[in-house]
Amino acid sequence: MRRAVCPGSYDPATNGHLDIIERAAKLFDEVVVAVGVNKSKKGLFTTDERMDMLREITAKLPNVRVDSWQGLLVDYCRENDIIAVAKGLRSVSDFDYELQMAQMNRELTGLETLLMANNPAYGFVSSSLVKEVSALGGDIEHLVPPIVFKRLMEKHSERG
């Protein structure tokens, strides 16, 4: 079985993330959407909340599963028989960073990376911008899956 991982913080997942996950699911037998756990960072959503939203978002994709990881991605991939990383690229700055990561991962364990050009409709969308704009009352409904929009609105109403 050929497995790939789509790693990220997914705080929160956007339509751009979903686009890459769906496209990777067409290329591999199984895709693991892996939420990175960084205990030194405080996200808007907990790891469990992110994973729950991702499970709902990807429920229609039978070869996608959601997991979390902490530490080196190459170690997670080795332990889970994952042969490739699938990542989206929005800009040249994404390419510079992702190329370095891809080269490091390949040097460490031979892990391959598939860098996929984003759908231009989502080229400007990032989790950080979605959180910031939604917190200030901007309309981001068309930029995120419906469950993410609902949960964002709930988070903002909790915070007042």
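Note: the structure precedes this text.
Caption draft 1: Just the overall build of the protein, in detail. Per the secondary structure count, the protein includes six helices and five strands. Listed N to C, the secondary structure of the protein is β-α-β-α-β-α-β-α-β-α-α in terms of helices and strands. Oriented by its inertia axes, the alpha-carbon framework of the protein measures out at about 45 × 35 × 30 Å. Looking at the protein as shown, the accessible area adds up to about 8,900 Å², and 52% of this sits on carbon and sulfur atoms. Charge-centre separation for the protein: the mean point of 20 positive side chains lies 1 Å from the mean point of 23 negative side chains.

Caption draft 2: A nonpolar patch on the surface, seen in detail. Taken together, L72, M104 and L108 make up a surface patch of nonpolar side chains, about 300 Å² in accessible area. Among the structural elements, L72 can be located in the loop between strand 3 (64-69) and helix 3 (73-79).

Caption draft 3: Region of the structure containing the nonpolar core. Counting residues in each nonpolar core, the largest one holds 34 residues, and the members touching the most others are C6, Y10, I21, L54 and V148. Listing elements by their share of this core, those giving two or more residues are strand 1 (3-8), helix 1 (15-27), strand 2 (30-36), helix 2 (47-57), strand 3, strand 4 (84-89) and helix 6 (146-159). In terms of residue count, helix 1 provides more of this core than any other element does, five residues in total.

Caption draft 4: Representation of the packing of helix 5 (residues 127-135) against helix 6 in the model. One way to put it is that helix 5 packs onto helix 6 with a least axis distance of 10 Å and a crossing angle of 50°. Classified by the interaxial angle, the pair formed by helix 5 and helix 6 is oblique. Here helix 5 and helix 6 pass one another in a crossing that is right-handed. From helix 5, V130, K131, S134 and A135 reach across to helix 6, where they touch L152, M153 and H156. Among the residues making up the contact of helix 5 with helix 6, the classes are represented as four nonpolar, two polar and one charged.

Caption draft 5: Representation of the side chain of N105 in the model. With respect to the helices, strands and loops of the structure, N105 is situated in helix 4 (residues 92-109). Under the relative-accessibility criterion, N105 is labelled buried at 9%. Among residues more than four places away in sequence, those in contact with N105 are V74, G110 and L111.

Basis of the calculations
- Residues numbered from 1 in each chain as written.
- Predicted model: local features only at pLDDT ≥ 70, side-chain atom pairs only at ≥ 80, totals over all residues.
- Heavy atoms only, no water.
- Helix = DSSP H or I, 4+ residues; strand = E, 2+ residues; numbered from the N terminus.
- Areas by Shrake-Rupley, 256 points an atom, 1.4 Å probe, with all protein chains shown as cover.
- Lys, Arg positive; Asp, Glu negative; His and termini not counted.
- Charge placed at Lys NZ, Arg CZ, Asp CG, Glu CD.
- Patch = residues over 30% accessible without salt bridge, like charges linked within 9 Å, V, L, I, M, F, W, Y side chains within 5 Å.
- Salt bridge = Lys/Arg side-chain N within 4 Å of Asp/Glu carboxyl O.
- Core = buried A, V, L, I, M, F, W, Y, C linked by side-chain atoms within 4.5 Å.
- Buried < 20%, exposed > 50% of the residue type's maximum accessible area, 1.4 Å probe, protein only.
- Axes fitted to C-alpha atoms, helices over the stretch in contact; angles between N-to-C directions.
- Parallel < 35°, antiparallel > 145°, perpendicular 65-115°, else oblique.
- Left-handed = near helix turned anticlockwise from the far one by under 90°.
- Contact = heavy atoms within 4.5 Å.
- Nonpolar A, V, L, I, M, F, W, Y, C, P; charged D, E, K, R; others polar.

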